[in-house]
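Here is what each chain is made of, one letter per residue.
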Amino acid sequence: MLNYIWFGMMFVGVVVGIFTGNIDAVTAAAIDMAKVAVNLAIGLIGIMALWLGIMKIAEESGLIRLIAKGLRPITVRLFPGVPEDHPAIGSIVLNMSANILGLGNAATPLGLKAMEELQEINPDKETATNAMCTFLAINTSSVQLILPATVVALMGATSSQIFITTIFATGMSTIAAIAAVKFLEKRKQFAIQSGGNS
Amino acid sequence: MIESFVQGVNQVSRYIIPLLLVGIPFYGLVFKKVKVYETFVVGAKDGFTIAVRIIPYLVAILVAIGMFRASGALDLLLNFLSPVLTFIGFPPENLPLALMRPLSGSGSLGLLTDLINQHGPDSLIAKIGATMFGSTETTFYVLAVYFGSVGIRKTRHALVAGLFADAVGVFSAVYICRFFFG
């Protein structure tokens, strides 16, 4: 899937670029974005180090395990493939809490920690597990209770009006994400196959 | 009532990060006798490797998105889709944002800023736009970073599910705002 979308975006970009006369802009964008990608990744180092350090302390002191235990009833249903007391559950819960509270730059390191722990129990290191896809879909559906600071800054006094509409829409998208992964993970074209490509 | 609740929640969120930064080591040091400094450094070491590991995935995704955006393909799609959208009650003004949102965080923020400046924060279009922005994520970026950090290349159904969730978020934003403010 990603193979087609990835190629499709570049292909459409080049073809449309030729017809609209934007081909120079397409070239420039390709080179610029390659640089942007590296800058983004490098920019993550500091904040990643900070949260991963704090997370290590939380792990050593048993906090993560405690949190994972508390939310077991929900997480067992969402991530049936992950052992109940696995540290991944703790990281997943922390990542979601950070997302709900609108702490974007804390959420990413916590999410990557969760991915690392999910990868430990993955038999095929190149292929995503059901739990990883579920986790990712929930993440991309943006569960949040707090409006992004940028939106508040732009909307000013009106932002309290869109508080409820945002919670509603984000709730709908999260439900849709969970329903979609649970439906799709059983489909043949998304089954785990060694050596296949999807 | 809602206003004071929103303000309260936003107030609380200001304190969460500093409290976590000090609360977690406090719990470890005082209750569990964890060597907090040494443990922190061990954990922090991974920050560098993870950041470097995601570079190839980010380059792949962001270059493709950049080429697509720069070509003007989004405008073509917009012209093509706007009659259909008007028919189902989806303001065509909100479509660029809806299409941009899964691709680029800074791009969609730019479009949202534009919508609010053009139509004013009290307009239905701005409210729909802001709701959309708050209820969806930059799916492609999240996919590249999360899977890239552990070297997953075969992403199975994650992208389809993520994009479906985005679509549901976008349409929910339109209809809930029409219902409340329309």
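As the structure is a prediction and not an experimental result, all values here were calculated from the model. (Residues numbered from 1 in each chain as written. Chains lettered and ligands numbered in written order. Predicted model: local features only at pLDDT ≥ 70, side-chain atom pairs only at ≥ 80, totals over all residues. Heavy atoms only, no water.)

1. So, the overall build of chain A
At step 1: Each helix and strand counted, chain A has nine helices and zero strands in total.
At step 2: From first element to last, N terminus to C terminus, chain A shows the α and β order α-α-α-α-α-α-α-α-α.
At step 3: Along the first, second and third principal axes, the C-alpha set of chain A runs to 60 × 55 × 35 Å.
At step 4: Looking at the 198 residues of chain A, the share that counts as buried comes to 50%.
At step 5: Taking contacts inside chain A between residues at least 6 apart in sequence as the whole, the part at least 24 apart equals 59%.
At step 6: Here chain A displays about 8900 Å² of accessible surface, and carbon together with sulfur accounts for 67% of that area. (Helix = DSSP H or I, 4+ residues; strand = E, 2+ residues; numbered from the N terminus. Buried < 20%, exposed > 50% of the residue type's maximum accessible area, 1.4 Å probe, protein only. Contact = heavy atoms within 4.5 Å. Areas by Shrake-Rupley, 256 points an atom, 1.4 Å probe, with all protein chains shown as cover.)

2. Details of the overall build of chain B
At step 1: In terms of helices and strands, chain B carries ten helices and zero strands.
At step 2: Taking 2.2 N^0.38 as the reference for a compact globule, 182 residues should give roughly 16 Å; the C-alpha atoms of chain B span a radius of gyration of 21 Å, well beyond that estimate.
At step 3: Looking at the 182 residues of chain B, the share that counts as buried comes to 51%.
At step 4: Nonlocal contacts in chain B, meaning residues at least 24 apart in sequence, comprise 67% of its contacts between residues at least 6 apart.
At step 5: For chain B, the accessible surface area stands at approximately 8400 Å², while carbon and sulfur atoms represent 69% of it.
At step 6: The average position of the 13 basic charges and that of the 9 acidic charges among the side chains of chain B differ by 15 Å. (Rg over C-alpha atoms; globule rule 2.2 N^0.38 Å. Lys, Arg positive; Asp, Glu negative; His and termini not counted. Charge placed at Lys NZ, Arg CZ, Asp CG, Glu CD.)

3. A few points about the pattern of salt bridges
Close approach of charged atoms lets side chains of opposite charge pair.
Residue and element names in this part refer to chain A.
At step 1: Here the structure, examined in full by the defined rule, presents four salt bridges over all chains.
At step 2: Across the pair Lys113 and Glu59 runs a salt bridge whose closest N-O atoms are separated by 3.2 Å. One end of the pair, Lys113, is in helix α6 (residues 104-120); the other, Glu59, is in helix α2 (residues 23-60), with 54 residues separating them in the sequence.
At step 3: Given a relative accessible area of 10%, Lys113 falls into the buried group.
At step 4: Note that Lys113 and Glu117 form a salt bridge whose closest N and O atoms lie 3.4 Å from each other. Residue Lys113 and its partner Glu117 are both found in helix α6; the two are separated by four residues, about one turn of the helix. (Salt bridge = Lys/Arg side-chain N within 4 Å of Asp/Glu carboxyl O.)

4. Things to note about α2 of chain A
All names here are of chain A.
At step 1: With 38 residues, α2 ought to run about 56 Å at 1.5 Å a step, and its terminal C-alpha atoms sit 54 Å apart, in line with that.
At step 2: At Ile45, α2 shows its largest kink, close to 35°.
At step 3: Where α2 ends, the next residue or the one after it, Gly62, has phi of about 85°, a positive value. (Expected span 1.5 Å × (residues − 1). Bend = angle between axes of the 7 residues up to and from the residue.)

5. Comments concerning the interface of chain B and chain A
At step 1: Each partner contributes to the interface: chain B provides 96 residues, whereas chain A provides 100 residues.
At step 2: Counting across the chain B and chain A interface gives one salt bridge.
At step 3: Linking Arg153 of chain B and Glu126 of chain A is a salt bridge whose minimum nitrogen-to-oxygen distance equals 2.8 Å.
At step 4: One can count 15 residue pairs in polar contact (both at pLDDT 80 or more) joining chain B with chain A.
At step 5: For the side of chain B that touches chain A, the element with the highest residue contribution is helix α10 (residues 158-181) of chain B, accounting for 17 residues.
At step 6: Partitioning the side of chain B that touches chain A into residue classes produces 64 nonpolar, 22 polar and ten charged. (Polar contact = N/O pair within 3.5 Å; in protein donor to acceptor, adjacent residues only side chain to side chain. Nonpolar A, V, L, I, M, F, W, Y, C, P; charged D, E, K, R; others polar.)

6. Topic: the packing of aromatic side chains
At step 1: In total, this model carries eight aromatic pairs over all chains according to the counting rule given.
At step 2: Plain terms: the ring middles of Phe7 of chain A and Phe11 of chain A are 5.5 Å apart, the flat faces sit at 25° to each other, and that makes the pair stacked. With Phe7 of chain A and Phe11 of chain A both in helix α1 (residues 2-20) and four residues apart, this pair spans about one turn of that helix.
At step 3: Ring centres 5.8 Å apart and planes at 70° place the aromatic pair Phe179 of chain B and Phe180 of chain B in the edge-to-face group.
At step 4: For Phe179 of chain B, a relative accessible area of 68% corresponds to the exposed category.
At step 5: Using a relative accessible area of 46% as the deciding quantity, one classes Phe180 of chain B as partly exposed.
At step 6: A cation over an aromatic ring shows up here: Lys127 of chain B above the ring of Phe181 of chain B, its NZ or CZ 4.4 Å from the ring centre. (Phe/Tyr/Trp six-rings, centres within 6.5 Å; stacked < 30°, edge-to-face > 60°. Lys NZ or Arg CZ within 6 Å of the ring centre and 35° of its normal.)

7. Observations regarding the domain arrangement of chain A
At step 1: When the domains of chain A are assigned, the result is domain 1 (1-54) and domain 2 (62-198).
At step 2: Once you take the C-alpha centre of each, domain 1 of chain A and domain 2 of chain A turn out to be 24 Å apart. (Domains from an automatic or database assignment.)

8. A few points about the domain arrangement of chain B
At step 1: We note that the domain assignment places domain 1 (1-44) and domain 2 (46-181) within chain B.
At step 2: For domain 1 of chain B and domain 2 of chain B, the distance between their C-alpha centres works out to 31 Å.

9. Some details on unusual backbone geometry
Both trends apply: most residues other than glycine have a negative phi, and most peptide bonds are in trans.
Residue and element names in this part refer to chain B.
At step 1: Backbone geometry places Lys33, a non-glycine residue, at a positive phi of 55°.
At step 2: Secondary-structure assignment places Lys33 in the loop between α1 (2-32) and α2 (36-44).
At step 3: Phi angles above zero are rare outside glycine, and Arg156 is one such case at about 50°.
At step 4: Turning to its location among the elements, Arg156 is positioned in the loop between α9 (139-149) and α10.

10. Notes on the packing of helix α7 (residues 130-140) of chain A against α9 of chain B
At step 1: At a closest axis distance of 10 Å, the pairing of α7 of chain A and α9 of chain B adopts a crossing angle of 145°. Here α7 of chain A and α9 of chain B pass one another in a crossing that is right-handed. Residues Met132, Phe135, Leu136, Asn139 and Thr140 of chain A of α7 of chain A touch α9 of chain B, and the partners they reach there are Thr139, Val142, Leu143, Tyr146 and Phe147 of chain B.
At step 2: Tallied by class, the residues present in the contact of α7 of chain A with α9 of chain B amount to seven nonpolar, three polar and no charged. (Axes fitted to C-alpha atoms, helices over the stretch in contact; angles between N-to-C directions. Left-handed = near helix turned anticlockwise from the far one by under 90°.)

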